[in-house]
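Read off the chains here:
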Amino acid sequence: MSRSYAFLRRCLVTAQVAVTIVLLSGAALLLRSFAKIEAQNLGMQTGGVLTVKAALPWSRYDTDQKEMEFYLQLEEALRRLPGSRAVGMTDSVPPGGWQGDFRYSDLVVQGRPRTPPGTGGSVVSRYVTPDYFRALNIPIVRGQRFTDQDRTGNESEAILSRSLAARLFIDEDPVGKRVQRSELRSDVWSIVVGVADNVKNSGLTEQSGPEIYFLRRSVGGDWDGKRSIVLLDSVMPARAVEPWLRSEIASIDPTVPVNMEPLEQTVSRLADRPRFETALLAFFAGTGLLLAIVGLYGLIAFMTIQRRHEIGVRMALGATRGDILGLITSDGLRIVAIGGALGVGSALAVSKMLKALLFEVSAYDPVTFIGVPVLLTLVALVAILMPARAETRVDPAVTLRAE
């Protein structure tokens with residue numbers, strides 16, 4: 001009966017090691033994926049940028065002109081704030097949330113035939129003021145930014161993202177060309193004045209999509225106050241800027257409610273789900289590791305007690321403490337090896353289920369599937385050596401007399 005119990009204990013500890021390998025591998029994959037998400041280049045700055053949204057009441061701001069006048073006053077007021085570096089406005093802010101888009105086939109280049117309808121995917125569009133690119137520190141790689149003088153002109157202007165420019169104008173300079181959204185007014189053509197670097201515009205884990213920026217002018221119909229977001233880039237912390245900002249808005253219209261949030265906080269919230277998934281699996285992995293170590297320690301301690309007489313005989317016949325330590329350790333490591341092999345095989349199978357959750361990390365990441373077994377072996381070795389070393393300190397004469 002005691003042998004069957006001993007075998008059952010070995011099986012349970014082996015299973016604990018295998019399950020721990022699976023949990024640790026999954027947690028390591030998600031942790032590496034989350035680190036990639038956190039470290040990736042968004043193509044813009046988020047630190048020091050405050051987003052401001054004003055809920056203009058319909059009763060008093062019932063025309064585009066009234067909305068535009070409010071935001072133009074707000075823009076001038078924010079530029080006067082201490083520490084203000086740039087104040088831009090847009091109808092949406094990358095990398096997540098609502099954004100305007102249209103079909104690629106609806107984008108027409110003047111003098112060229114139209115792309116077949118329904119082909120090419122979609123293109124993100126934003127209406128922005130000139131300082132939008134300065135506020136988010138988005139580089140202009142060709143041509144120039146919009147200017148304040150352009151806002152009062154009659155010419156519609158556009159800036160293309162680098163990926164969209166490469167797609168529309170393979171071997172041509174896009175600056176000076178004219179483009180048009182065919183589903184809008186057919187008589188309006190926008191002249192391309194520049195090319196901006198790519199920006200993450202569809203979430204943290206998606207590739208940067210093609211994007212076109214239209215100038216939000218101070219005349220005409222380029223205004224939608226209900227989708228206006230102000231971006232304030234300041235050298236001062238957000239908490240220090242908010243009271244000044246609220247005071248300036250109140251001086252324009254004290255009845256307008258305002259919502260402010262640091263852009264860095266908004267972007268961080270997009271990573272909440274992968275952060276939670278990683279933390280949850282890491283918790284279970286840590287719990288599994290603790291149980292496996294406790295199980296190994298208990299098993300080795302029990303095994304050494306059961307073999308105490310054998311150990312005493314071996315030492316009486318000339319076996320050194322190193323020999324005994326190696327004997328006990330090899331038994332423990334054998335359990336770890338069997339459990340580890342089962343765990344790695346199971347983890348490789350389970351990792352397919354995590355593939356959709358990973359970002360720029362392979363489901364069969366070699367760093368993970370080599371590092372995790374090595375880590376578990378090292379930790380398990382400590383748990384094995386503790387009771388083994390204690391047993392080698394026992395005087396063999398005392399052990400034999402007790403038997």
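Predicted model, so just to flag it, every value in this text is computed and none were measured. (Residues numbered from 1 in each chain as written. Predicted model: local features only at pLDDT ≥ 70, side-chain atom pairs only at ≥ 80, totals over all residues. Heavy atoms only, no water.)

Draft legend 1. Geometry of the overall build of the protein. A count of helical and extended segments in the protein gives 11 helices and 12 strands. Across the 403 residues of the protein, 44% fall into the buried class. A total of about 20,200 Å² of accessible surface is found on the protein, and carbon and sulfur atoms cover 58% of it. (Helix = DSSP H or I, 4+ residues; strand = E, 2+ residues; numbered from the N terminus. Buried < 20%, exposed > 50% of the residue type's maximum accessible area, 1.4 Å probe, protein only. Areas by Shrake-Rupley, 256 points an atom, 1.4 Å probe, with all protein chains shown as cover.)

Draft legend 2. Up close: the nonpolar core. Residues Leu 29 and Leu 296 are the most contacted members of the largest nonpolar core, which totals 29 residues. Elements with a contribution of two residues or more to this core: helix H1 (2–39), helix H7 (272–306), helix H9 (321–354) and helix H10 (366–392). By residue number, the principal contributor to this core is H1, which donates 8 residues. In this structure, Leu 296 is in contact with Val 13, Val 17, Gly 332, Ile 335, Val 336 and Ala 380, ignoring residues within four places of it in sequence. (Core = buried A, V, L, I, M, F, W, Y, C linked by side-chain atoms within 4.5 Å. Contact = heavy atoms within 4.5 Å.)

Draft legend 3. A look at the layout of surface pockets. Space inside the second largest pocket adds up to approximately 430 Å³. Among the elements of the structure, strand E1 (49–54), strand E12 (258–262) and helix H6 (263–270) are those that each provide at least two residues to the lining of the second largest pocket. Top contributing element to the lining of the second largest pocket by residue count: H6, with 5 residues. Residue classes in the lining of the second largest pocket are distributed as 13 nonpolar, 8 polar and 6 charged. (1 Å grid on protein atoms, 1.4 Å probe; cavity = no way out; pocket = protein on both sides within 12 Å on 5 of 7 lines; lining within 4 Å. Points joined across faces, edges and corners; volume = space filled by probe spheres on them. Nonpolar A, V, L, I, M, F, W, Y, C, P; charged D, E, K, R; others polar.)

Draft legend 4. The arrangement of helix H2 (residues 64–79) in detail. Across its 16 residues, H2 extends 22 Å between first and last C-alpha, which sits within 8% of the 22 Å expected from 1.5 Å per residue. Among the residues of H2, Glu 67, Met 68, Phe 70, Tyr 71, Leu 74, Glu 75, Ala 77 and Leu 78 are the ones counted as buried. Packed against the buried residues of H2 are E1, strand E2 (84–90), strand E11 (229–234) and helix H5 (238–252). (Expected span 1.5 Å × (residues − 1).)

Draft legend 5. View of the environment of Gly 100. Inspection of the secondary structure puts Gly 100 in strand E3 (residues 100–103). Separated by 25 residues in the primary sequence, Gly 100 and Ser 125 have C-alpha atoms spaced 5.2 Å apart. Non-local contacts of Gly 100, meaning those with residues more than four positions away in its chain, are made with Ser 92, Val 123, Val 124 and Ser 125.

Draft legend 6. Molecular detail of the pattern of salt bridges. Under the defined criterion, the tally for this structure stands at 22 salt bridges. For Glu 75, the salt bridge is made with Arg 79, and the minimal N-O distance between the two is 3.3 Å. Separated by 4 residues within a single helix, Glu 75 and Arg 79 lie in helix H2, roughly one turn from each other. Looking at Arg 79, the relative accessible area reads 28%, which means it is partly exposed. We note a salt bridge from Asp 148 to Arg 79, for which the minimum N-O separation is 3.7 Å. In this pair, Asp 148 is assigned in the loop between strand E6 (140–143) and strand E7 (156–161) and Arg 79 in helix H2, connecting sequence segments 69 residues apart. (Salt bridge = Lys/Arg side-chain N within 4 Å of Asp/Glu carboxyl O.)

Draft legend 7. Geometry of the environment of Gln 144. By secondary structure assignment, the location of Gln 144 is in the loop between E6 and E7. In sequence terms Gln 144 and Gly 194 are 50 residues apart; their C-alpha atoms lie 4.9 Å from each other. Beyond its immediate stretch of four places on either side in the chain, Gln 144 contacts Ile 159, Val 193 and Gly 194.

Draft legend 8. Representation of the pairing of E2 within the structure. Most of E2 sits out of view: 5 of its 7 residues are buried. Examined bridge by bridge, E2 and E11 share 6 bridges and lie antiparallel to one another. Within the sheet, the bridge partner assigned to Gly 88 lies in E11 and is Leu 231. (Pairing = 2+ DSSP bridges.)

Draft legend 9. Structural detail: unusual backbone geometry. For the bond from Pro 94 to Pro 95, the omega torsion is 5 degrees, close enough to zero to count as cis. Summarising the element assignment, Pro 95 is placed in the loop between E2 and E3. Positive phi outside glycine occurs at Asn 137, with the angle close to 55 degrees. Of note, Asn 137 is situated in the loop between helix H3 (132–135) and E6. One non-glycine residue, Glu 360, lies in the positive phi region at around 55 degrees. Of note, Glu 360 is situated in the loop between H9 and H10. In this structure Glu 360 comes out as exposed when scored by relative accessible area, which is 55%.

Draft legend 10. Region of the structure containing the side chain of Asp 150. Residue position: Asp 150 is located in the loop between E6 and E7. When sequence neighbours within four positions are dropped, the list of residues in contact with Asp 150 reads Glu 157, Leu 215 and Arg 217.

Draft legend 11. Representation of the pairing of strand E9 (residues 190–196). The element E9 is largely enclosed, with a buried count of 7 among its 7 residues. Looking at chain direction, E7 and E9 are connected through 6 bridges and run parallel. Residue pairing for E9: Glu 157 is matched across the bridge by Ile 191. Of the pairings in the sheet, the one linking strand E8 (residues 178–181) to E9 comprises 2 bridges and is antiparallel in character. By the bridge assignment for E9, Arg 178 is matched with Ile 191.

Draft legend 12. Focus on the side chain of Asp 91. Locating Asp 91 in the fold gives a position in the loop between E2 and E3. No salt bridge forms around the buried Asp 91; measuring N to O, its nearest opposite-charge neighbour Arg 216 is 5.1 Å away. A distance of 3.3 Å separates a polar atom in the side chain of Asp 91 from the backbone nitrogen of Tyr 127. Discounting residues that sit within four places of it in the chain, Asp 91 has contacts with Trp 98, Arg 126, Tyr 127, Arg 216, Arg 227 and Ile 229. (Lys, Arg positive; Asp, Glu negative; His and termini not counted. Polar contact = N/O pair within 3.5 Å; in protein donor to acceptor, adjacent residues only side chain to side chain.)

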